[in-house]
Every structure is written in structure tokens, then in C-alpha cells.
Amino acid sequence: MNADSTTSDITRADCLARDAQDPLAPLRERFDLPEGLIYLDGNSLGARPRAALARAHEVVAREWGQDLIRSWNTAGWFDMPKRLGDRLAPLIGAGPGEVAVTDTTSLNLFKALAAAIRIQAEGPHAARRTIVTERSNFPTDIYMAEGLAGWLERGYRVRLADSVEELPGAIDDDCAVVMLTHVNYRTGYQHDMAALTRHAHERGALIVWDLAHSAGAVPLDLGGAEADFAVGCTYKYLNAGPGAPAFIWVPQRHQAQFQHPLTGWWSHAKPFAMAHGFSPVDGIGRALCGTQPVVSLSLVECGLEVFEETSMEAIRAKSLALTDLFIELVESTCAAHPLGLVTPRAHARRGSQVSFTHPHGYAVMAALIARGVIGDYREPEIMRFGFTPLYTRFADVWDAVAILKDILDREDYDVAATRGAVT
Ligand SMILES: *Cc1c(COP(=O)(O)O)cnc(C)c1O
């Protein structure tokens, strides 16, 4: 072992000094994180905003408990999907009336894909039958696309591109819709949204973006990119709480044509007319389906309001500084170990996470978690570390790497560790 390859010039004091100058540092107080825990999994489940506890109490005790059914009107429950959508919109480059917070990412993807296919089926490219995505996409996205294609008659199919290089060519003259996840959940690779949207349009395809690992993590400009549809999670970087409803973006220019098969009463023009026959409401409301999970939906607001105290540019600058620091410290201090960086070094191609492979990745991650450094593990061999600039400190990065180095140097992990249902 070469001593030079296992030390770094960066000290913990340097990291503390960076925290002292960090303009986002005060926002950490807006979250309730357990003492002594280093939480690097905000890309899977964001930390709890302090305000969420009082909000949950208010919704359950007063709005539900005291005001009961009147709260649909008096507490604004009915309008919440759209109100929250408008609040989320600036984070993704969307306009007012273009976003709804509703259902799950999987369901919203289904709606967006179905609507895109229908628009194509009624236009000059009606003969096209392919949905193009990547084999490395998050499985539920592929499952949903395959599920939809299988239900549609007339031979729709999903084509999986095996690499970023293969993707542009896969968007051929049979491609009706391109469905891409902007930041890859495993590798942290970030696509060029504007360029791929342009390319899809040049080839006559529509494009649906999944922003699960992008919203609240990187600056986004759906409108500027002239994308067609987008969906994403709120429980990851937007800190809305476990299982919180997802979002869907339908730009004004597509709203009149936006139709999907999940025609529930919440997307009806007059839900309480209890009319025979479905007639969709105008606007983003037609992206809804049925009654919303009000308690969970209410907490989305607590996550979003923290973002209003900063900008995505400030968040991005700190995110890149944190991920650069993590990469540099791991590579300099753990160089004797078989770690492989999977995440792009190029800033433009990187999300807000860093992934390293290790032959015993699962066991090493389990050891880290046991020592209070929470990241997660994704097959195959990938240890994933998410960085949330709203609450992650530079000193946290330094401490996490010191613990990782200690675990690896001492081989202090159990390769036979049994796995929980959720990794
Ligand atoms: C997290 C994630 C999902 C989750 O979908 P749910 O329907 O909320 O379970 C979907 N797609 C991607 C790309 C994700 O990262």
C-alpha cells in the first residue's frame, strides 16, 4: 500500500471552513435529521422538513378531525394537486397551470405515454409503433411502457437502447415516443435534455422525461427545451415524505389534446354533476384520476417551501462541490481498494449523486449504514451516495469518506450479510 495513494491534502478543517462560508448552510435547520447520522440517501427518500410534523398534525387533527368533509372546500383539499403543481413548477422550468401533483410516478408515466401515443396516432406519424427508452432506465419505467404497449393492439413495442451512443440512432422513423429518465438512478448520468428533445422532434417523435432524480437536484428548463411531457417524484430530492404523490407536467400547447385512458372523475369537467359519460376538464386537471391522498399530499408543501428560500443555481453549485469533494476524497484516500467510479466526472453529465462499484458493494454499504452513514445499494455492485445540498455539509462528506476508508482498510464488513426487502 502506497502511503501517498491513501491520504488527501484536504483536511476536515478545510471542510468545516467551507461549511462556515456556505450560503445554504442555514437551510439545514429546516430539516430534522437525527444527531450523528450522515444521510446520503436523499435521492431515495428525502429528509423530513421540520414543518411537516406540525402540518401533519394540522391536517389530521383539525382539517380531518374537526372540519371533516367541509375541508374539501374550506382547507383547499380539492385544489391541492394544482396548487402544489404551481408551487413546484419554477423548479422544473414549467409555467402556471402546467403541473399537477398526483398519483405515482409510474401512473403518471402511463398517462403521459398514453397521451403521447394518442397524439401521434392522430397525426402524420400514425403508422409509428415504437416507444424508445434505455435498457438502463429505472425498471418501473420500462415495465409501465411495456405494460401499455402490450395493452394497445396494433403492434406497439418498446425498444431498449443499450447505450447513450446508441440512443440517437434508435429514434428512427418507427419511433412514436421517446421516454427517458433525465438522471440515471444507478449511475447518476445526466442526459442533455435540450439536445435529445431537439433530436427526437427532428425525427418526428414526441419525448417524455422522467425527472425522478432531477427535480430539486439539478436546474431544469422543460419549457426552454420544448419538451412534450414530464413526470417525477416528490419524495426524493423534494423531501415530500415517503410515498408522497408524484408530479406530471403537460405544457399548455399539448393540454387540449392530452387524453389518457385513466378517465376518473377527478379529470371530469364536472365531477360533482355525477353525469353519465366522461367529458374531460380543460387544463392540467385532466391529468388527474381519482381522490387524492390528502394527508400525504399536504406534506409536499413543506418540502417545496424550503426551495423558495434559495435557487436551483445555488443548489447546483453546492451539489457539484459536494460530489467533486466526495470523488476526490474517495479516490485519494481509498485508492488501495477496488472501487470503480461509475458517475461521470464531467459536470454537465452528472446529477447529484455519486456511485462507486465494489465487489462487495452490498456488504460495504451495510457496514456504512451500521456506522451511521446512510447511502444505498443497487445491483450490480453499486454503492450509491446521494447529496442533498439543502442539508448535506462538506464535513459530512469528509466524515463519510473517513468511515468508508476505515471499513475498507480493516475489511470490516460481512460478505454474508442478509438483505432486507428494500435495499
Ligand atoms: C424513484 C423512481 C420511480 C418511482 O416510481 P413510483 O411509481 O413512485 O414507485 C420511477 N422512475 C424513476 C426513474 C425513479 O427513479
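Residues numbered from 1 in each chain as written. Predicted model: local features only at pLDDT ≥ 70, side-chain atom pairs only at ≥ 80, totals over all residues. Heavy atoms only, no water.

Looking at the pattern of salt bridges
Here's step 1: Evaluated as defined, the whole model comprises 29 salt bridges.
Here's step 2: With a shortest N-O distance of 2.7 Å, Arg62 and Glu58 are connected by a salt bridge. Note that Arg62 and Glu58 are positioned in helix α2 (residues 51-64) at a spacing of four residues, about one turn of the helix.
Here's step 3: Of the charged contacts, one joins Arg393 and Asp396 as a salt bridge, the two residues approaching to 3.1 Å between their closest N and O atoms.
Here's step 4: Using a relative accessible area of 6% as the deciding quantity, one classes Asp396 as buried.
Here's step 5: Taken together, the shared-partner salt bridges in this structure form one network comprising Arg55, Glu58, Arg62, Glu63 and Asp67. (Salt bridge = Lys/Arg side-chain N within 4 Å of Asp/Glu carboxyl O. Helix = DSSP H or I, 4+ residues; strand = E, 2+ residues; numbered from the N terminus. Buried < 20%, exposed > 50% of the residue type's maximum accessible area, 1.4 Å probe, protein only.)

A word on the UniProt feature "binding site: pyridoxal 5'-phosphate" (unreviewed entry) in the protein chain
Here's step 1: Under the feature "binding site: pyridoxal 5'-phosphate" (unreviewed entry), the UniProt entry names Thr105, Ser106, Phe138, Pro139, Thr140, Asp141, Thr181, Asp210, His213, Tyr235, Trp265 and Thr291. For the residues just named, distributed over 187 residues, the greatest C-alpha separation reaches 30.4 Å, placing them at more than one site.
Here's step 2: Tracing the sequence through the fold places Asp141 in helix α6 (residues 139-151).
Here's step 3: Taking the relative accessible area as the measure of exposure, Asp141 reaches 1% and is therefore buried.
Here's step 4: Residues within four places of Asp141 in sequence aside, it is in contact with Leu109, Met179, Thr181 and Asp210. (UniProt positions renumbered as here; feature names shortened; annotations may be inferred. Contact = heavy atoms within 4.5 Å.)

Thoughts on the side chain of Thr197
Here's step 1: Relative to the elements of secondary structure, Thr197 occurs in helix α8 (residues 193-202).
Here's step 2: Judged by relative accessible area, which is 0%, Thr197 ranks as buried.
Here's step 3: Excluding anything up to four places from it in sequence, Thr197 contacts Ile207, Trp209, Ala225, Glu226 and Ala227.

Description of the packing of aromatic side chains
Here's step 1: In total, this model carries 13 aromatic pairs according to the counting rule given.
Here's step 2: Ring geometry for Phe326 versus Phe356: centroids 6.1 Å apart, planes at 55 degrees, classification tilted. In this pair, Phe326 sits in helix α12 (residues 312-333) while Phe356 sits in strand β10 (residues 353-357), placing the two residues 30 residues apart along the sequence. The exposure classification of Phe326 matches that of Phe356, with both residues buried.
Here's step 3: Here Arg129 stacks its cationic end above the ring of Tyr156, 4.7 Å away from the centre of that ring.
Here's step 4: Above the ring of Phe138, the side-chain terminus of Lys236 is found at 5.3 Å from the ring centroid. (Phe/Tyr/Trp six-rings, centres within 6.5 Å; stacked < 30°, edge-to-face > 60°. Lys NZ or Arg CZ within 6 Å of the ring centre and 35° of its normal.)

Things to note about the environment of Met365
Here's step 1: Take Met365: it is sitting in helix α13 (residues 361-370).
Here's step 2: By relative accessible area, which is 2% here, Met365 ends up buried.
Here's step 3: Sequence spacing of Met365 and Thr423 is 58 residues, and the spatial spacing of their C-alpha atoms is 9.8 Å.
Here's step 4: Apart from residues lying up to four places away in sequence, Met365 is in contact with Gly375, Asp376, Tyr377, Met383, Arg384 and Phe385.

Observations concerning the site of the ligand
Here's step 1: Within the structure, the ligand sits among 13 residues, and Ser106, Asp141, His213, Tyr235 and Lys236 are positioned closest to it.
Here's step 2: In this structure, an oxygen atom belonging to the ligand sits 2.7 Å away from a side-chain N or O atom of Lys236.
Here's step 3: Here the ligand loses 85% of its free accessible area of 390 Å² to cover by the protein chains.
Here's step 4: Those elements that place two or more of their residues in the shell around the ligand are α5 (105-121) and α6.
Here's step 5: Among the residues making up the shell around the ligand, the classes are represented as four nonpolar, six polar and three charged. (Near = heavy atom within 4 Å. Polar contact = N/O pair within 3.5 Å; in protein donor to acceptor, adjacent residues only side chain to side chain. Areas by Shrake-Rupley, 256 points an atom, 1.4 Å probe, with all protein chains shown as cover. Nonpolar A, V, L, I, M, F, W, Y, C, P; charged D, E, K, R; others polar.)

Considerations on the packing of α12 against helix α14 (residues 394-409)
Pairs of packed helices are described in terms of their axes, by the angle between the two and the distance that separates them.
Here's step 1: Running from amino to carboxyl end, α12 crosses α14 at an angle of 25 degrees, the nearest separation of the two axes being 10 Å. The angle between the axes of α12 and α14 places the two elements in the roughly parallel class. As for the relative orientation of α12 and α14, their crossing is right-handed in sense. Residues Lys318, Ala321, Leu322, Leu325, Phe326, Leu329, Val330 and Thr333 of α12 lie in contact with α14, whose contacting residues are Phe394, Val397, Trp398, Val401, Leu404 and Lys405.
Here's step 2: Looking at side-chain class alone, the contact of α12 with α14 contains 11 nonpolar, one polar and two charged residues. (Axes fitted to C-alpha atoms, helices over the stretch in contact; angles between N-to-C directions. Parallel < 35°, antiparallel > 145°, perpendicular 65-115°, else oblique. Left-handed = near helix turned anticlockwise from the far one by under 90°.)

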